[in-house]
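# Examination of the molecular architecture
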Amino acid sequence: MSEPVMPKELVDKFGRHVDYIRLSVTDRCDFRCVYCMTEDMTFLPRQQILSLEELYRVARAFTELGVRKIRLTGGEPMVRSNVMWLIEKLGRLPDLDELLLTTNGAQLDRYAGPLKAAGVNRINISIDSLNPDRFTRISRVGKLEKVMEGIDAAIAQGFERLRLNSVIMKGYNEDEVLALVDFAVDRGIDIAFIEEMPLGEATEHDRKETTCSNAWVRSEIARKYQLLDSATRTAGPSRYTQIVGKPSRVGFISPVTHNFCADCNRVRITVEGRLLLCLGNEHSIDLRNILRDESLTDWDLQKAIVGSMDLKPERHYFYEKDHIQPVRLMNMTGG
Ligand code: SAM
Ligand code: SF4
């Protein structure tokens, strides 16, 4: 009997097309940001994480199922040893339109050139403060100067639409919203503000007290800049605005105060090979078992991915009464 034909696109039971994956290449990091990790993190043992070859197999399987955009994330992608091998291979995948990276920027001074050469289209760089002491307080160990060098190196490589990511938290950096926007405007790059999400427990603060709504962040920016809502909508939780008279855009990623799940187009793959169908829920399937079973092939892998679409939940329920929040921290989730 002939095998059924594999579909060329991924569609869930709510009719949403999944054409974007966020692939976590490590749970490790050289920073310990207060909203993302605990100070004394235990990381996964090596045999539990996907090898670079396994990560490549997963990525290729998704592109053959219609995925056109891959974002590499983590943990900090650039601390994974030999990660450039993977990035170069991904950059050559024939069906991929965009290869993206989210990084803390601390190693971009070395890697910006090789990343550009490997075909990375866009980079998001996280930066939460322009004050060196505060930067170290928030990241616990990071050095602002290294990240600044990384940002300059990425700008020098001419990446399209370079974007900064900032998480604004009361008691940490809520007075720096305008300074961060000024910083982006001066460099002609974009900036996005991400609402702090309740993923795992933050050990140094109560998230309910620190989380700033993007409505408030926007009102801060409006004290100096005029923002025009952009006609171009990207799927998912980000909304972009154009700063009038400047090339920079300001994005607002508001998963806590807004629910944009209706046009969600993405799934995540954790570094353990768990295919997570939603950031705010635990629905997932294990791809690692399939990858490591020698009797199974890429066809079986794709069949499992196609089947998983039925598990994608309709929406997340952050801070909703009676809903159990994920215990996963962001570095395990693949931010
Ligand atoms: N290490 C890289 C970095 O920091 O950009 C990539 C991984 S990090 C988990 C991806 C993004 O998630 C960062 O921009 C970070 O600020 C954000 N993030 C981490 N924990 C978060 C949380 N609890 N709520 C909102 N954003 C968070
Ligand atoms: Fe590391 Fe990024 Fe998490 Fe900060 S946000 S601890 S840089 S993974």
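Our subject in this report is the structure included herewith. (Residues numbered from 1 in each chain as written. Chains lettered and ligands numbered in written order. Predicted model: local features only at pLDDT ≥ 70, side-chain atom pairs only at ≥ 80, totals over all residues. Heavy atoms only, no water.)

## Focus on the sheet that holds strand β5 (residues 98-103)
Taken together, 12 strands build an open sheet; the order of strands is β9-β10-β11-β8-β7-β6-β5-β4-β3-β12-β13-β14 and the sheet is mixed. At either end of the open sheet lies a strand with only one pairing partner, and these are β9 (227-229) and β14 (284-286). Sheet twist, expressed as the average angle between the axes of neighbouring strands with direction ignored, equals 25°. For strand β7 (residues 163-166) and strand β8 (residues 190-194), the ladder comprises 4 bridges, and the chain directions are parallel. Looking at β8, one finds that Leu 164 is bridged to Ile 191. Sitting on the sheet, helix α1 (residues 52-64) touches β3 (20-24), β4 (69-73), β12 (266-269) and β13 (274-276), and the angle it makes with β3 is about 175°. (Pairing = 2+ DSSP bridges. Helix = DSSP H or I, 4+ residues; strand = E, 2+ residues; numbered from the N terminus. Axes fitted to C-alpha atoms, helices over the stretch in contact; angles between N-to-C directions. Contact = heavy atoms within 4.5 Å.)

## A short note on the environment of Ala 156
By the secondary structure assignment, Ala 156 is in helix α5 (residues 144-156). A C-alpha to C-alpha distance of 31 Å links Ala 156 and Glu 53, two positions 103 residues apart in sequence.

## Points about a negative patch on the surface
There is a patch of like negative charges on the surface, built from Asp 19, Glu 64, Asp 95 and Asp 97. Within the secondary structure, Asp 97 is located in the loop between α2 (83-91) and β5. Under the relative-accessibility criterion, Asp 97 is labelled exposed at 54%. (Patch = residues over 30% accessible without salt bridge, like charges linked within 9 Å, V, L, I, M, F, W, Y side chains within 5 Å. Areas by Shrake-Rupley, 256 points an atom, 1.4 Å probe, with all protein chains shown as cover. Salt bridge = Lys/Arg side-chain N within 4 Å of Asp/Glu carboxyl O. Lys, Arg positive; Asp, Glu negative; His and termini not counted. Charge placed at Lys NZ, Arg CZ, Asp CG, Glu CD. Buried < 20%, exposed > 50% of the residue type's maximum accessible area, 1.4 Å probe, protein only.)

## Quick notes on the nonpolar core
Counting 98 residues, the largest nonpolar core has Phe 62, Ile 87, Leu 115, Phe 193 and Ile 221 as the members making the most contacts within it. Setting aside its immediate chain neighbours within four residues, Ile 221 contacts Val 177, Leu 178, Val 181, Phe 193, Leu 227, Val 250 and Phe 252. (Core = buried A, V, L, I, M, F, W, Y, C linked by side-chain atoms within 4.5 Å.)

## Some remarks on the site of ligand 1
Close to ligand 1 lie 19 residues, the nearest being Tyr 35, Gly 75, Glu 76, Ser 126 and Met 197. Interatomic distance of 3.1 Å between a side-chain N/O atom of Glu 76 and a nitrogen atom of ligand 1. Contacts to ligand 1 include Ser 126, whose side-chain N or O atom sits 2.6 Å from an oxygen atom. Starting from 550 Å² of accessible surface for ligand 1 in isolation, the protein chains cover 96%. (Near = heavy atom within 4 Å. Polar contact = N/O pair within 3.5 Å; in protein donor to acceptor, adjacent residues only side chain to side chain.)

## As for the site of ligand 2
Contacts to ligand 2 come from Cys 29, Phe 31, Arg 32, Cys 33, Cys 36, Met 37, Gly 75 and Asn 104. When its residues are assigned to classes, the shell around ligand 2 shows 5 nonpolar, 2 polar and 1 charged. (Nonpolar A, V, L, I, M, F, W, Y, C, P; charged D, E, K, R; others polar.)

## Here we look at the pattern of salt bridges
On inspection of all chains with the given rule, the structure shows 17 salt bridges. One salt bridge in this structure joins Asp 190 and Arg 249, with 3.3 Å as the shortest N-O distance. Separated by 59 residues along the polypeptide, Asp 190 in strand β8 and Arg 249 in strand β11 (residues 249-253) bring together distant segments of the chain. Each of the two residues, Asp 190 as well as Arg 249, counts as buried. Three or more residues joined by partner-sharing salt bridges are found here, namely Arg 57, Arg 60 and Asp 298.

## Brief notes about the packing of α2 against helix α3 (residues 108-118)
The interhelical angle for the contact between α2 and α3, taken along N-to-C directions, is 30°, at an axis separation of 8 Å. Taken together, α2 and α3 sit at an angle that is classed as roughly parallel. On α3, the residues that touch Met 84, Ile 87, Glu 88 and Gly 91 of α2 are Tyr 111, Pro 114, Leu 115 and Ala 118. Here the residues of the contact of α2 with α3 are counted per class, giving 6 nonpolar, 1 polar and 1 charged. (Parallel < 35°, antiparallel > 145°, perpendicular 65-115°, else oblique.)

## Considering the environment of Arg 207
Here Arg 207 lies in helix α7 (residues 207-210). A residue is classified by how much of its surface remains accessible, and Arg 207, at 6% relative accessible area, is buried. As a C-alpha pair, Arg 207 and Tyr 35 span 172 residues in sequence and 8.2 Å in three-dimensional space. At 3.4 Å, the side chain of Arg 207 and the backbone oxygen of Met 197 are in polar contact.

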